[in-house]
Amino acid sequence: MVKDRRSIQQTQSRILDLTSTLSVIGFFYHNPSWFNPWNLSTHSWLLGGVLIRGAIAFYDHLVIFLIEKLSGAPLLPTRTVTNKPVRYVTLDTKSIVFLFINSIHEWIFVQRLCHYLWHSPNVSKEASDIGCINTVVALYVMFVILDVCYAPLHHILHMPAIYPLIHKHHHRQHYPTRGYLDAGNEHPIEHIIGVCAVWGAVMGALYVTGAHAVTIFVFFNVHAALAMLNHSPYDVRWNVVGLNYSVANHEMHHRKFTVNYAQYCMWYDIWMRTYADYEGPKKEDESGGKVRNRSSLEMEERKKKIT
């Protein structure tokens, strides 16, 4: 029975991947300018992609360096237990393919975002236009809208019928540690969903606050840094007027699967009753058995249903 179910899932996955690939090829054939909004030459387009990859790798290492050297953030409790090391998963062939595809998508996204900021009459670019509403308030609104879009979509990706086909690959790593490599190691369809959520945040903030171009640039870079940190072993957390960012929250999602779908404001999880406080390494009772609380058992039951 289990073997038959896995065989069906593999067939469905191949059909989904083939259909997605053919759709992208067809879209490229009919709309090549969408992939190259600045009308770059082939050489310049490829060079730009390489430079962006280098910049992202540098940024990833810079963020971790700053956390290690300046913030003093400790490692998460699960990473400091010496008697039972956590399980790390190496990057397999599929992971490398997904990272490569997503890196191309990121390069296209960067081009389109910059093109929009530069040419859109709806985006203010003058220094004289900078004010509190289109900077501080706009930045806050972007992070709120991002999770309003992302959290329910993320939850949908965990539906039993969908999870094995798309999101399951990202959960190979129960204890993320590699920053960008773990954050970006996801099915390309999931990557597109995440980028659409970012676009929704930018468009929403423009409509509500008239966000300045500088604010959008800052948002994009801060969001990228926090996504990397969410897949690191460091216990980084902050709370600003309802924005409750915590790497521990996201580690719990990777470990328990069915909790903490949001990234910055946990309102969705509180509303849907999927929020879970952080649990460190399980303690052992006098007989050597693990002490398990009721919430742990409930989350394990939900996890079994989708895996």
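Residues numbered from 1 in each chain as written. Predicted model: local features only at pLDDT ≥ 70, side-chain atom pairs only at ≥ 80, totals over all residues. Heavy atoms only, no water.

S.K.: Let's hear about the pattern of salt bridges: which residues, and what values?
M.R.: Close approach of charged atoms allows side chains with opposite charge to pair. Throughout the structure, instances matching the rule amount to seven salt bridges. The salt bridge partner of Arg79 is Glu251, with a shortest N-O separation of 3.1 Å. Of this pair, Arg79 sits in the loop between helix H2 (42-71) and helix H3 (93-119) while Glu251 sits in helix H8 (residues 247-256), and the two are 172 residues apart along the sequence. The exposure classification of Arg79 matches that of Glu251, with both residues buried. Between Arg178 and Asp182 there is a salt bridge, and its shortest N-O distance comes to 2.9 Å. Among the residues examined, Asp182 registers a relative accessible area of 3% and is labelled buried. Connected through salt bridges with shared partners, the residues Arg79, Glu251 and Arg255 form a single ionic network. (Salt bridge = Lys/Arg side-chain N within 4 Å of Asp/Glu carboxyl O. Helix = DSSP H or I, 4+ residues; strand = E, 2+ residues; numbered from the N terminus. Buried < 20%, exposed > 50% of the residue type's maximum accessible area, 1.4 Å probe, protein only.)

S.K.: How would you sum up the state of the cysteines? Please name residues and give values.
M.R.: Tallying each qualifying case throughout the model produces zero disulfides. Unpaired in this structure, Cys149 has its nearest cysteine sulfur neighbour in Cys196, at a distance of 9.7 Å. Using a relative accessible area of 27% as the deciding quantity, one classes Cys149 as partly exposed. (Disulfide = S-S within 2.5 Å.)

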